[in-house]
Amino acid sequence: MLRLPGHADYLLLRDLVADPLVHRFLGPRPNDPTTDMFSRSLRAAGSWQLYGYGLFLAFEREGGRFVGQLGVFHSMRGFGKGMDDVVEAGWIVAREHWGKGYAQEGMRAALDWFGRTHDTKRIACMIERGNVASVTLAQRLSFVRYDEHPLDDGALVDLFERISR
């Protein structure tokens, strides 16, 4: 089940990324995870407010357990290469839900909804090198690698795009 985020959901996200394996490909750990997730939640809410789309929170249909955050949002990465002022896809799934197909199911639903409600042809995403599961998911969702970019923290990310006709 997908739902729009609420004001206290930053706490769910904080706990989600507290797992070192979940956070592994999300960049450097912030000094204060609570304020970091609060700021990220405000940015996500701003995407909904300003652009009419954003990230959803995903929950299991049966039992309602929190699965993660996924969807599309408006991004300004600041390094060009097709990643500024763009619709960007992203997903973060709790480790106990890895391998269950939830990310693919949720992203397909989010992308289908986005395609029906918005007239944007291109969606981008960036995935840190070594994140094989996310690359596999991106490819299953019809994203194609088009470039790479070194981040300030030394990580190398592959840039993907999905273009609908």
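This write-up is about the structure you can find in this document. Fair warning: this is a prediction, and the values are worked out from it, not measured in the lab.

Quick notes on the environment of arginine 24
As for its placement among the helices and strands, arginine 24 is situated in the loop between helix H2 (20–23) and helix H3 (33–51). Exposure remark for arginine 24: the relative accessible area of 51% places this residue in the exposed category. The spacing of arginine 24 and methionine 83 is 59 residues in sequence and 22 Å in space, taken between C-alpha atoms.

As for the environment of alanine 138
Mapped onto the elements, alanine 138 comes out in helix H5 (residues 132–140). When the C-alpha positions of alanine 138 and arginine 122 are compared, they lie 14 Å apart, and in sequence the two are 16 residues distant. When residues no more than four places from it in sequence are discounted, the contact partners of alanine 138 are Trp91, Cys125, Ile127 and Phe143.

As for the pairing of strand S5 (residues 122–128)
Counting buried residues in S5 gives 5 out of 7 residues, a clear majority hidden from the surface. Sheet analysis places S5 next to strand S7 (residues 156–163), joined by 7 bridges and oriented antiparallel. From the neighbouring strand, cysteine 125 faces S7, where its bridge partner is phenylalanine 160.

As for the pattern of salt bridges
What the rule picks out here adds up to 12 salt bridges. For the salt bridge of aspartate 119 with lysine 121, the shortest nitrogen-to-oxygen distance reads 3.5 Å. The class of aspartate 119 is exposed, set by a relative accessible area of 67%. Lysine 121 sits in the partly exposed class, given a relative accessible area of 40%. One salt bridge connects glutamate 161 with arginine 122, and the closest N-O pair in it is separated by 2.7 Å. Placement of glutamate 161 in strand S7 and of arginine 122 in strand S5 is noted, with a sequence separation of 39 residues between them. Take arginine 122: its relative accessible area is 22%, and that puts it in the partly exposed class. It is possible to trace a salt-bridge network through shared partners that takes in Arg129, Arg145, Glu148 and Asp158.

Digging into the nonpolar core
The tendency in soluble globular proteins is for nonpolar side chains to be buried as a group. In this structure, Val72, Ala89, Trp91, Ile123, Cys125 and Phe143 are the most contacted members of the largest nonpolar core, which totals 25 residues. Among the elements of the structure, strand S2 (55–59), strand S3 (66–76), strand S4 (84–93), helix H4 (102–117), S5 and H5 are those that each provide at least two residues to this core. Residue contributions to this core peak at 5 residues, all from H4. The contacts of alanine 89, once residues within four sequence positions are left out, are Gly71, Val72, Phe73, Met107, Ile123, Ala124, Cys125 and Phe143.

Things to note about the packing of aromatic side chains
Inspection of every chain in the model, using the stated rule, returns 7 aromatic pairs. Look at phenylalanine 56 and tryptophan 113: their rings are 5.7 Å apart centre to centre, the planes differ by 85°, and that puts the pair in the edge-to-face class. In this pair, phenylalanine 56 is assigned in strand S2 and tryptophan 113 in helix H4, connecting sequence segments 57 residues apart. Judged by centre distance (5.4 Å) and plane angle (55°), the rings of phenylalanine 59 and phenylalanine 66 are tilted. Of the two residues, phenylalanine 59 and phenylalanine 66, neither departs from the other in class, the shared state being buried. Through a chain of ring-to-ring contacts, three or more aromatic side chains come together here, namely Trp48, Phe56 and Trp113.

Notes on unusual backbone geometry
A positive phi angle is found at aspartate 85, which is not glycine, with a value near 55°. As for its position among the elements, aspartate 85 is in strand S4. Although it is not a glycine, serine 142 adopts a positive phi angle of roughly 75°. Secondary-structure assignment places serine 142 in the loop between H5 and strand S6 (144–150). We classify serine 142 as partly exposed; its relative accessible area is 47%.

What counts and what doesn't
- Residues numbered from 1 in each chain as written.
- Predicted model: local features only at pLDDT ≥ 70, side-chain atom pairs only at ≥ 80, totals over all residues.
- Heavy atoms only, no water.
- Helix = DSSP H or I, 4+ residues; strand = E, 2+ residues; numbered from the N terminus.
- Buried < 20%, exposed > 50% of the residue type's maximum accessible area, 1.4 Å probe, protein only.
- Contact = heavy atoms within 4.5 Å.
- Pairing = 2+ DSSP bridges.
- Salt bridge = Lys/Arg side-chain N within 4 Å of Asp/Glu carboxyl O.
- Core = buried A, V, L, I, M, F, W, Y, C linked by side-chain atoms within 4.5 Å.
- Phe/Tyr/Trp six-rings, centres within 6.5 Å; stacked < 30°, edge-to-face > 60°.

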